[in-house]
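Coordinate inspection notes
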Amino acid sequence: MNRKDRTVGLTTSAGLVFTGAGYDMLRAKFFTGSCQDERQTVAAEVYLESCKQWFSFVLSKKGLTYCSDACTISADLETDSDELRAYRYLKETIFWKNGFVEAYTHPKVYYCNQPGFVQYALMIYFRVMLPMLVVITSISKVVRTICKVVSFGTGKCDLGPIGDIDICAIYEYIGGCGQFAPSPRVLDILTFHADKAGLQLVSPIFTELPYANTVLFQLQYEGGVRDPAVNWLDANGANLTTLQLLDLLRPAFNLDYLITPTRLIVDRKDKLDAYRTSLGAVEGVCFTFAETEPCAFGDYSYTDDQMDRQGNRLRSNYDDVIEFNPENAEWKTGKCETPVKFGRARFQFDQRGFDKADDVPGGDREGFLGDNFIDRFRTTNRYNVFGCRDDRRERDLLLSNDQASQLKLLVLEPEYNPLDAYTIRRQIGQRDGLTFYAYNYPMYFAESEPEGLWQNFHFIDHPDRGGRPMYSADEATLPYSCELVASIKQAEGGYTVLTELGVAEVEEIEIEDCTITLKNLTVRCSPA
């Protein structure tokens, strides 16, 4: 198993030296002085006499050394397998290129900008002057109608200040709502590019609810749009390849992935053992304890957003420090950090609004200018009496000002509408005559959240439970047989062997002089 590219492949353990006709052929292929030389490959077949089996390799520029004075070329042979070709595609193609954008209708996630001083002042003015504004708006509409009739529809109608009154635009400006960001599903990204690489996606995480509806909210460089015909914003497309995205998702979901000749497997890291091939039992292995120390506590945290202060305010829900050592055991020490390179997300009438509601006894009252005041303005019918389009919002993401420096992971509700996609939520209570909700709770690390990341993915790393790496061994040997060689050759997801301490994952296998040597073995401990 190559831990870098998550594939299984074959290489030769020692370089081959070519002279004579082999030297002439390789020199004419690779060393002509042309820019085409580095693109050349040569297929090679190696025959294992003892088992009457052929092994296919490829020779490329990698590992080639040309010595003109000695008339020799040394080379390494590697497999050019289907999984390596798939790996190169997934590693090198930006996820929103190569037809992905056009292949899907991407969920539109609406957001509201929280108001500044000017918006609050206008909001108060609206509240105080509502009757007068209704009259002014009505007069403006009547005058506009008369003007159109008199001008016979020519459009030559200068009403001066009266014609410039646009209460609806002011209303939208105060509320800060009505814009959205096209937000692709992680499942769509993985499925599309696995197919392009010739693979089938196998991912219990992202093919089953709720995480099947996980989307990337992208608003890092430009603000959102209002035109519902817009399906994508190139300016905000994250410049990530599929594998770079998986590496970003790894700490959030405690996942790992494998690339086989036919499948891209993405699952919680401990579940990948089920895809590995067992090679039997080994004896006489020398074990040491793994270098990683059991932690006394875990620190799980999202990344503070430099542009979006609103999301940062929900840190107590998204982040947590989880105690592993209440008994003060000496064998547990230090902390395990899990930094997640995504931002947190706030919503209308969310946990913070619940905590800040006016009727919380002894609470931190925000009163007339608090979050709940502006959300009331956005949703209450009596503020939308000017004939504007019915665009009252009550479930939108909240931002500080049109942008977020970090990507956000949002889990949409099961039957979401792609034209106005709502994030999953559940009711947490009522205060001050309002109903409040926990939004996006599957992405919380809080230990108290029964449906969050800790309970679904990270509990496996608690030092008191089984399944964490405990023992390691540099090498072990297996009796040589042609059946075993065939199993090694055909394995797709890596290898395991049974030891006296349990099942060991094998990183590398060396076959030389009819000897099978297993290298870098890791054994996970069983529960006490």
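These remarks concern the structure in this document. (Residues numbered from 1 in each chain as written. Predicted model: local features only at pLDDT ≥ 70, side-chain atom pairs only at ≥ 80, totals over all residues. Heavy atoms only, no water.)

**Structural notes on the nonpolar core**
Judged by nonpolar contacts, the single largest core of 73 residues is most densely connected at F206 and F253. With residues up to four places along the chain from it excluded, the contact list for F253 reads I205, F206, Y211, R268, L409, M443, L453, F457 and H458. By size, the runner-up hydrophobic cluster in this structure holds 32 residues, among which are C51, V282, V497 and V523. (Core = buried A, V, L, I, M, F, W, Y, C linked by side-chain atoms within 4.5 Å. Buried < 20%, exposed > 50% of the residue type's maximum accessible area, 1.4 Å probe, protein only. Contact = heavy atoms within 4.5 Å.)

**Examining unusual backbone geometry**
Going from L209 to P210, the amide bond is cis rather than trans, its omega being 5 degrees. Residues other than glycine seldom take positive phi values, yet N328 does so here, at roughly 60 degrees. Following the sequence through the fold, N328 ends up in the loop between β15 (320–323) and β16 (335–339). (Helix = DSSP H or I, 4+ residues; strand = E, 2+ residues; numbered from the N terminus.)

**Examining the pairing of strand β10 (residues 255–259)**
For β10, the buried fraction is high: five of the five residues fall into the buried class. Here β10 shows a buried face lined by L255, Y257 and I259 and a second buried face lined by D256 and L258. Where β10 meets strand β11 (residues 263–268), five bridges bridge the pair, whose relative direction is antiparallel. When the bridges of β11 are listed, L258 appears paired with I265. (Pairing = 2+ DSSP bridges.)

**Some thoughts on the pattern of salt bridges**
In the structure shown here, the tally under the stated rule is 22 salt bridges. Here D247 makes a salt bridge to R250, at a shortest N to O gap of 2.7 Å. On the criterion of helical spacing, the pair formed by D247 and R250 is a turn pair, its members being three residues apart in helix α9 (residues 242–253). With a closest N to O distance of 2.8 Å, D464 and K332 form a salt bridge. Here K332 lies in the loop between β15 and β16 and D464 lies in the loop between α14 (453–458) and β22 (469–478), a separation of 132 residues in the sequence. One salt-bridge network, held together by shared partners, links D273, R276, E505 and R524. (Salt bridge = Lys/Arg side-chain N within 4 Å of Asp/Glu carboxyl O.)

**Regarding the environment of N98**
Mapped onto the elements, N98 comes out in the loop between α2 (82–92) and α3 (100–103). Linking N98 and F192, residues 94 residues apart in sequence, is a C-alpha distance of 9.8 Å. When sequence neighbours within four positions are dropped, the list of residues in contact with N98 reads Y89, T93, F192 and K196.

**Some remarks on the state of the cysteines**
On inspection of all chains with the given rule, the structure shows two disulfides. A sulfur-sulfur separation of 2.0 Å characterises the disulfide bridge that pairs C112 with C177. Taking the sign of the S-S torsion, 105 degrees for the link of C112 and C177, the bridge is right-handed. With a gap of 65 residues between them, C112 in strand β6 (residues 108–113) and C177 in the loop between α6 (167–175) and β7 (179–182) connect regions that are remote in the sequence. Across the pair, exposure class does not vary: C112 and C177 are buried alike. (Disulfide = S-S within 2.5 Å.)

**What about the sheet that holds β10?**
Sheet strands associate in pairs through backbone hydrogen bonding, adopting either a parallel or an antiparallel arrangement. An order of β8-β11-β10 is seen for the three strands of this open sheet, with the pairing classed as mixed. In the strand order of this sheet, the two ends are held by β8 (200–202) and β10, each with one partner. If you compare each strand with its neighbour and ignore which way they point, the axes differ by 15 degrees on average. Where β8 lies against β11, three bridges are found, and the strand directions are parallel. Bridge assignment links L201 to a residue of β11, and that residue is L264. (Axes fitted to C-alpha atoms, helices over the stretch in contact; angles between N-to-C directions.)

**A word on the packing of aromatic side chains**
Using the criterion set out here, one finds 27 aromatic pairs in the structure. On the numbers, 4.7 Å between centres and 15 degrees between planes, the contact of F347 with Y439 is stacked. Linking F347 in strand β17 (residues 346–347) with Y439 in strand β21 (residues 434–439), this pair joins segments that are 92 residues apart in sequence. Centre to centre, the rings of F349 and F436 are 6.2 Å apart; their planes meet at 70 degrees, and the pair counts as edge-to-face. Of the two residues, F349 sits in the loop between β17 and α12 (351–355) while F436 sits in strand β21, which places them 87 residues apart along the sequence. F436 matches F349 in its accessibility class, with the two residues each being buried. Clustering of aromatic rings is evident, with ring pairs tying together Y300, Y302, Y318, F324, Y444, F445 and W454. Taking NZ or CZ as reference, R426 lies 4.2 Å from the ring centre of Y441, over its face. One cation-aromatic arrangement involves R431 over F354; the distance from NZ or CZ to the ring centre is 3.7 Å. (Phe/Tyr/Trp six-rings, centres within 6.5 Å; stacked < 30°, edge-to-face > 60°. Lys NZ or Arg CZ within 6 Å of the ring centre and 35° of its normal.)

**Quick notes on α2**
Regarding α2, the residues found buried are E83, L84, A86, Y87, Y89 and L90. Its buried side turned inward, α2 meets α7 (186–196), α9, β10 and β11.

**Considerations on the sheet that holds β17**
Here four strands make up an open sheet; going across it, the order is β7-β6-β18-β17 and the pairing mixed. The outermost strands of the open sheet, each flanked by one partner alone, are β7 and β17. Across two bridges, β17 lies against strand β18 (residues 397–399) in antiparallel orientation. By the bridge assignment, R346 is partnered in β18 with L398.

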